[in-house]
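Architecture at a glance
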Amino acid sequence: MQVELFSSQSKDAQQMYAPLADRIRPQTLEEFVGQQHIIGKGRALQRMIERDELHSIILWGPPGSGKTTLARIIANTTQMHFVPFSAVTSGVPELRKVVQEAHAQRNMHGKRTVLFVDEIHRLNKAQQDAFLPHVENGMLTIIGATTENPSFEVIRALLSRCQVFILQRLTEEEIIALLQRAINDKQRGLGKYALKIDSDVFSLLAQHADGDTRIALNQLEMVVLNTEPQADGLREITPETVKNLLGTKALAYDKHGEEHYNVISAFIKSMRGSDPNAAVYYLARMLDAGEDPMFIARRMVILASEDIGNADPQALVIAVAAMQAVHFVGLPEAQLTLSQAVIYLALAPKNNREYKAILAAREDVKQYGALPVPLHLRNAPTRLMKDLGYGKEYRYPHDYEGNWVEQDYLPEALQGKRYYLSS
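Fair warning: this is a prediction, and the values are worked out from it, not measured in the lab. (Residues numbered from 1 in each chain as written. Predicted model: local features only at pLDDT ≥ 70, side-chain atom pairs only at ≥ 80, totals over all residues. Heavy atoms only, no water.)

**Remarks on the packing of helix α12 (residues 213-225) against helix α13 (residues 239-246)**
At a closest axis distance of 10 Å, the pairing of α12 and α13 adopts a crossing angle of 105°. Taken as axis vectors, α12 and α13 run roughly perpendicular relative to one another. On α13, the residues touching Q219, M222 and V223 of α12 are T241, V242, L245 and L246. (Axes fitted to C-alpha atoms, helices over the stretch in contact; angles between N-to-C directions. Helix = DSSP H or I, 4+ residues; strand = E, 2+ residues; numbered from the N terminus. Parallel < 35°, antiparallel > 145°, perpendicular 65-115°, else oblique. Contact = heavy atoms within 4.5 Å.)

**A closer look at the sheet that holds strand β4 (residues 140-146)**
Taken together, 5 strands build an open sheet; the order of strands is β2-β3-β4-β1-β5 and the sheet is parallel. Only two strands of the sheet have a single neighbouring strand rather than two, namely β2 (81-86) and β5 (163-166). The average undirected angle you get between the axes of adjacent strands in this sheet is 20°. With 4 bridges connecting them, strand β1 (residues 57-60) and β4 associate as parallel partners. Residue pairing across strands places W60 opposite T146, the latter belonging to β4. Against the sheet, helix α7 (residues 125-136) contacts β2, β3 (113-118) and β4, and its axis sits at roughly 135° relative to β4. (Pairing = 2+ DSSP bridges.)

**Some remarks on the nonpolar core**
Considering soluble globular proteins, one finds that nonpolar side chains tend to be buried as a cluster. F267, M271, I296, M300, L338 and L345 are the most contacted members of the largest nonpolar core, which totals 28 residues. Broken down by secondary-structure element, the contributors of at least two residues to this core are α14 (258-272), α15 (276-288), α16 (293-308), α17 (314-329) and α18 (334-347). At 8 residues, α16 tops the list of elements feeding residues into this core. Setting aside residues no more than four positions away along its own chain, L345 makes contact with M271, M300, L303, A304, I308, A315, A319 and K350. L190, F202, L220 and L246 belong to the second-largest nonpolar core, a separate cluster that totals 27 residues. (Core = buried A, V, L, I, M, F, W, Y, C linked by side-chain atoms within 4.5 Å. Buried < 20%, exposed > 50% of the residue type's maximum accessible area, 1.4 Å probe, protein only.)

**Re empty space enclosed by the protein**
This structure, assessed with the given rule, holds 1 cavity of 30 Å³ or more. Its volume calculated, the largest cavity comes out at about 270 Å³. Forming the boundary of the largest cavity are 19 residues, of which P26, G64, G66, T69 and T213 lie nearest the centre. At the level of secondary structure, the elements contributing two or more residues to the lining of the largest cavity comprise α2 (20-23), α5 (67-77), α10 (172-184) and α12. Counting only domains with at least three residues in the lining of the largest cavity, you end up with domain 1 (35-166) and domain 2 (172-246). (1 Å grid on protein atoms, 1.4 Å probe; cavity = no way out; pocket = protein on both sides within 12 Å on 5 of 7 lines; lining within 4 Å. Points joined across faces, edges and corners; volume = space filled by probe spheres on them. Domains from an automatic or database assignment.)

**A short note on the pairing of β4**
The two faces of the sheet receive side chains in turn, since in a regular strand these alternate between them. Most of β4 is tucked away: 7 of the 7 residues are buried. Of the two faces of β4, both are covered, the one formed by L140, I142, G144 and T146 as well as the one formed by T141, I143 and A145. At this point the chain moves from β3, through α7, to the parallel β4, and the crossover so formed is right-handed. (Right-handed = clockwise from strand over helix to strand, strands pointing away.)

**Here's the deal with the side chain of T241**
Along the polypeptide, T241 turns up in helix α13. Excluding anything up to four places from it in sequence, T241 contacts V223, T227 and E236.

**What about helix α4 (residues 44-51)?**
Every buried residue belonging to α4 is among L45, Q46, M48 and I49, and all of these are buried. Seen from one end, α4 has its buried residues packed into an arc of 160°, which puts them on one side. Every exposed residue of α4 that faces more than 90 degrees away from the buried side is listed here: E50 and R51. Next to the buried residues of α4 lie α3 (36-39), β1, α5 and β5. D52, located one to two residues past α4, shows a positive phi value of around 55°. (Arc of directions from axis to C-beta.)

**Observations regarding the environment of E30**
Within the secondary structure, E30 sits in the loop between α2 and α3. Given a relative accessible area of 66%, E30 falls into the exposed group. Residues E30 and A279 lie 249 residues apart in sequence; the distance between their C-alpha atoms is 41 Å.

**Describing the UniProt feature "domain: AAA+ ATPase" (unreviewed entry) in the chain**
Residues annotated by UniProt as "domain: AAA+ ATPase" (unreviewed entry) correspond here to residues 53-170. The distance separating the terminal C-alpha atoms of residues 53-170 is 27 Å; by composition the span is 42% helix and 23% strand. (UniProt positions renumbered as here; feature names shortened; annotations may be inferred.)

**A look at unusual backbone geometry**
The linkage connecting L331 with the following residue, P332, adopts the cis geometry, with an omega of 10°. Residue placement: P332 occurs in the loop between α17 and α18. Positive phi values are uncommon outside glycine, yet E393 reaches one of about 65°. Of note in this structure, N403 is not a glycine but carries a positive phi near 55°. Within the secondary structure layout, N403 lies in the segment after α20 (383-387).

**Brief notes about the packing of α10 against helix α11 (residues 199-209)**
Closest axis-to-axis distance for the α10/α11 pair is 9 Å, and the angle between their directions is 120°. Classified by the angle their axes make, α10 and α11 are oblique. Considering how the two elements wind past one another, α10 and α11 form a crossing that is right-handed. Facing E172, I175, I176, L179, Q180 and I183 of α10, the residues of α11 in contact are F202, S203, L205, A206 and Q207. In terms of residue class, the contact of α10 with α11 is made up of 7 nonpolar, 3 polar and 1 charged. (Left-handed = near helix turned anticlockwise from the far one by under 90°. Nonpolar A, V, L, I, M, F, W, Y, C, P; charged D, E, K, R; others polar.)

**Regarding α11**
Quick reminder: α-helices carry 3.6 residues per turn. Residues three or four places apart thus point the same way. Here α11 has its buried residues at V201, F202, L204, L205, A206, H208 and A209. The opening residue of α11 is D198, an N-cap whose side-chain oxygen sits 2.9 Å from the backbone nitrogen of D200. Of the residues trailing α11, D210 is marked for its positive phi of about 55°. (Polar contact = N/O pair within 3.5 Å; in protein donor to acceptor, adjacent residues only side chain to side chain.)

**Observations concerning the packing of aromatic side chains**
Per the counting criterion, the structure on display carries 3 aromatic pairs. With a centroid separation of 6.3 Å and 20° between ring planes, the pair formed by F82 and F116 is classed as stacked. Residue F82 is located in strand β2, and its partner F116 is located in strand β3; the two are separated by 34 residues in the primary sequence. What makes F82 partly exposed here is its relative accessible area of 24%. Above the ring of Y390, the side-chain terminus of R378 is found at 5.0 Å from the ring centroid. (Phe/Tyr/Trp six-rings, centres within 6.5 Å; stacked < 30°, edge-to-face > 60°. Lys NZ or Arg CZ within 6 Å of the ring centre and 35° of its normal.)

See the structure below:
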């Protein structure tokens, strides 16, 4: 009896000291805010949950978009046996226990088992392979949650057996709605405090969170708890209060994750598309997020040849000079050099003829192999080579008017082939 009482008290204490984002986590689809493209009326995931016909799914979206909350709602709504599985601390032995329990649930209670794998991208290949037979035979239904592109992180065999649902970053309006719900909730939220909150505070917190509801809610709680109440107990919160307590927001940008590739891709395509404003914006995004400036500079050097080439040969000179300056000067001053070079590259005339030329030439190298070099182009340092015809009938262009003379340079099998098209 004492143990039960202690357990109950521990659970109550856990709830009391849990962060705000956990305390007011939605329990039903009706409470859930956002992601209407997948859980709106008549949408696939909504139908699965309401009909209790869940198949293996992967919820892919940025932090704070509701992946874990949706998994818990499914656990509360369906009649399936729900088991959490940690991709970090659990392994194959734990999976065996889950499978044994799943057999027992099916045989004794007729229940299917749902395995919720948070951060499924952190499972190694051996762990993912261990899931496969149990997913195939229907013993386990998987709900995986990930912030990383599953096509990169989940093995093909497992991914093919899951339906992927993409969650979007929440809008400012959606986050504001959650913040307002939190301050009005007297049981689980901040409704027990006497609060006077400037309407601009909600917008500021939503912008600060950059689409992450967990950050927005927990920062709201931090601001409330760290605002001294007045004599009458009222806590007055203004935008200045928020700025003083939270400081400058950090951009969502993982230098080894998908957002890294999204932003650098947009940066390159903006320069290629001759949009200096977008290119400078993405440059600023990367610099503010702490991207290596030399990585940025190297990408600019590549673009100067790939997308501009001889349409403006100076572009490569500018890009290489910028890379050298970044290495020599370093940040923060190097941001000026990068900005100058980015704008030049964006405004430069574009062509990819040099890029297409080398690709076409390499294709022929693969197709034809090492074709013999024409005899008249071969070097003849020895008498034997001269006797064999090496260098014979070679015409020295500078001996002719205009420093040019007609002769064949390509191997015989490729005569007439044009890799570089000048127009």
